[in-house]
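So you can see what is in the structure, the chains are spelled out below.
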Amino acid sequence: METIAPPKKVKKQSNPKACVLWTHEIVEYSPFGFTVPAVDFPFRKLPKQVLLDTPTLDLLIRQPNQLSHNALRLINECEEGSYISAATVLEWADWVRKGHYRLEVPLNIFFEQIIQNWQLQILPLSTEAYAFYADLVPVIGEVKMSGKENGEGKARKMFHEDRYDQLIMAQAIVDKIPLITPHAIFKQYERFGLKWVW
């Protein structure tokens, strides 16, 4: 009688996609997380570099098919590559700490894998960016409420006081790097000199 050997155990490889076991949906990240429709490519000349905000990086890792055409083109074609802010790393650490993300590997290894896989660079926050952030006046954004108890479909004005959003935005303005973001609230910061795209 022929005996069949049990299948060999395959060692599981850690990679950014496998590291994320569970997370909340991107629109639940912030009351200002509603995406804006993609528009025609807004640049006459391709920028040399771009800055990805935290939700954009999250989509790149988990749901790249939900990135806009503009976002994909910029991430793939910019001459000097794509950056993520040091504020994004801190924000991600908070997500892990609060249980919004569960990782198979430590956070530092997770980001090392992300940087290597997608050829990204971490951009440190300068003192000028912190100074811009310190002087920033929160803008007012309008969001549509969900749920009958909140008056579904009704618009509600709210102050945008997300410090991570503001740090990333301040960095994009000071360093003069276009920001890739699906957050409609960033339109309110155009008057401060922000260039952004989705």
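Refer to the structure printed above.
1. As for helix α7 (residues 163-174)
Now for step 1: Over its twelve residues, α7 runs 16 Å from end to end, which matches the ideal 16 Å to within 8%, given 1.5 Å per residue.
Now for step 2: Most of α7 is tucked away: ten of the twelve residues are buried.
Now for step 3: Sitting at the amino-terminal end of α7 is aspartate 162, which places a side-chain oxygen 2.9 Å from the backbone nitrogen of tyrosine 164.

2. Some words on the pairing of strand β2 (residues 82-85)
Now for step 1: Of the two faces of β2, both are covered, the one formed by Ser82 and Ile84 as well as the one formed by Tyr83 and Ser85.
Now for step 2: Direction of pairing for β2 relative to strand β3 (residues 120-123): parallel, over a ladder of four bridges. Directly across from tyrosine 83, in β3, lies its bridge partner glutamine 121.

3. Observations regarding the pattern of salt bridges
Now for step 1: Under the defined criterion, the tally for this structure stands at four salt bridges.
Now for step 2: With a closest N to O distance of 3.8 Å, aspartate 94 and arginine 163 form a salt bridge. Here the residue aspartate 94 occupies a position in helix α4 (residues 86-98), and arginine 163 occupies one in helix α7, the gap between them amounting to 69 residues.
Now for step 3: We classify arginine 163 as partly exposed; its relative accessible area is 42%.

4. Quick notes on the packing of aromatic side chains
Now for step 1: This model, assessed by the stated rule, comprises six aromatic pairs.
Now for step 2: Centre to centre, the rings of tryptophan 92 and phenylalanine 110 are 5.9 Å apart; their planes meet at 50°, and the pair counts as tilted. Of this pair, tryptophan 92 sits in helix α4 while phenylalanine 110 sits in helix α5 (residues 107-118); the two residues are 18 residues apart in sequence, bridging distant segments of the chain.
Now for step 3: Judged by its relative accessible area of 0%, tryptophan 92 falls in the buried class.
Now for step 4: Judged by centre distance (6.1 Å) and plane angle (45°), the ring pair of phenylalanine 186 and tyrosine 189 falls under tilted.
Now for step 5: The exposure class of phenylalanine 186 is buried, given its relative accessible area of 0%.

5. Considerations on the layout of surface pockets
Now for step 1: Roughly 230 Å³ of volume is contained in the largest pocket.
Now for step 2: If you go around the largest pocket, you meet 13 residues; those closest to its centre are Phe43, Lys176, Ile177, Pro178 and Lys195.
Now for step 3: Within the lining of the largest pocket, the residues separate by chemical class into eight nonpolar, two polar and three charged.

The rules behind these values
Residues numbered from 1 in each chain as written. Predicted model: local features only at pLDDT ≥ 70, side-chain atom pairs only at ≥ 80, totals over all residues. Heavy atoms only, no water. Helix = DSSP H or I, 4+ residues; strand = E, 2+ residues; numbered from the N terminus. Expected span 1.5 Å × (residues − 1). Buried < 20%, exposed > 50% of the residue type's maximum accessible area, 1.4 Å probe, protein only. Polar contact = N/O pair within 3.5 Å; in protein donor to acceptor, adjacent residues only side chain to side chain. Pairing = 2+ DSSP bridges. Salt bridge = Lys/Arg side-chain N within 4 Å of Asp/Glu carboxyl O. Phe/Tyr/Trp six-rings, centres within 6.5 Å; stacked < 30°, edge-to-face > 60°. 1 Å grid on protein atoms, 1.4 Å probe; cavity = no way out; pocket = protein on both sides within 12 Å on 5 of 7 lines; lining within 4 Å. Points joined across faces, edges and corners; volume = space filled by probe spheres on them. Nonpolar A, V, L, I, M, F, W, Y, C, P; charged D, E, K, R; others polar.

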